[in-house]
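Here is how the chains run, residue by residue.
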Amino acid sequence: RRAGEGCGTMAEVLSQVALPAYDPILDYSGMVTQFGYVAFFGVSFPLAALVCMLHTMLRLRSNALRLTQLSRRPRPQAVDGVGLWATLLFFEALVCALVNPLIVAVSSDQLDARDSPRFAETRR
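Predicted, not measured: the structure shown is a model, and the values here were computed from it.

**Focus: the overall build of the protein chain**
Within the protein chain, the regular secondary structure consists of five helices and zero strands. Along the chain direction, N to C, the helices and strands of the protein chain fall in the order α-α-α-α-α. Every one of the 124 residues in the protein chain was classed for burial, and the buried ones make up 13%. Relative to all contacts within the protein chain whose residues are 6 or more apart in sequence, the contacts with residues 24 or more apart total 74%. Accessible area for the protein chain stands at about 10,200 Å²; split by element, carbon and sulfur atoms hold 66% of it.

**Here's the deal with helix H4 (residues 84-107)**
The first and last C-alpha atoms of H4 sit 34 Å apart over 24 residues, in line with the 34 Å expected at 1.5 Å per residue. The largest bend in H4 comes to about 25°, at Ala 97, with the proline Pro 101 one to four residues further on. Within H4, the full set of buried residues consists of Trp 85, Glu 92, Cys 96, Asn 100 and Ala 105. Elements in contact with the buried residues of H4: helix H2 (25-41).

**Points about the packing of H2 against H4**
In a packed pair of helices, the relevant descriptors are the angle between the two axes and the axis-to-axis distance. Between H2 and H4, whose axes approach to 9 Å, the crossing angle comes to 15°. Put simply, H2 runs roughly parallel to H4. Of the two elements, H2 crosses H4, and the hand of that crossing is right-handed. Here Ile 25, Tyr 28, Ser 29, Val 32, Phe 35, Gly 36, Ala 39 and Phe 40 of H2 lie close against H4, whose contacting residues are Trp 85, Leu 89, Glu 92, Ala 93, Val 95, Cys 96, Val 99, Asn 100 and Ile 103. Class assignment of the residues belonging to the contact of H2 with H4 gives a composition of 13 nonpolar, three polar and one charged.

**Some words on a nonpolar patch on the surface**
A cluster of nonpolar side chains, contributed by Tyr 37, Phe 41, Phe 45, Leu 47, Leu 50, Val 51, Met 53, Leu 54 and Met 57, occupies part of the molecular surface with about 890 Å² of accessible area. Among the elements that line the nonpolar patch, the one with the most residues is helix H3 (residues 48-70), at five residues. Within the element layout of this structure, Phe 45 appears in the loop between H2 and H3.

Quick notes on the rules
- Residues numbered from 1 in each chain as written.
- Predicted model: local features only at pLDDT ≥ 70, side-chain atom pairs only at ≥ 80, totals over all residues.
- Heavy atoms only, no water.
- Helix = DSSP H or I, 4+ residues; strand = E, 2+ residues; numbered from the N terminus.
- Buried < 20%, exposed > 50% of the residue type's maximum accessible area, 1.4 Å probe, protein only.
- Contact = heavy atoms within 4.5 Å.
- Areas by Shrake-Rupley, 256 points an atom, 1.4 Å probe, with all protein chains shown as cover.
- Expected span 1.5 Å × (residues − 1).
- Bend = angle between axes of the 7 residues up to and from the residue.
- Axes fitted to C-alpha atoms, helices over the stretch in contact; angles between N-to-C directions.
- Parallel < 35°, antiparallel > 145°, perpendicular 65-115°, else oblique.
- Left-handed = near helix turned anticlockwise from the far one by under 90°.
- Nonpolar A, V, L, I, M, F, W, Y, C, P; charged D, E, K, R; others polar.
- Patch = residues over 30% accessible without salt bridge, like charges linked within 9 Å, V, L, I, M, F, W, Y side chains within 5 Å.
- Salt bridge = Lys/Arg side-chain N within 4 Å of Asp/Glu carboxyl O.

These values are about where atoms sit, not about what they do.
Listed below in structure tokens is the structure:
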């Protein structure tokens, strides 16, 4: 359609009304899950960020199709942030900041007591 044209026929409008309502929870939960994958497993699998980026690019196209063809248009609402999702992301980042050093320490030989000079001194 060209800019300035109307919505179309009444049949088009009624067909759009019959579509299911748009639910942003699917989008938010997917992004929080992907952030968790990158934050938790980025230390042990550095390509996780690339894999998630490719998945996000594909998901962008599927979300565009869902927003334009498969669901009703969302009603605009004034909101102040993303609500509870910001708290979840903060908690996830906090846990990752505690877990990632442990993953590095356990997966490397930094905690291997047999190679530690201090351990050798105490055994004498």
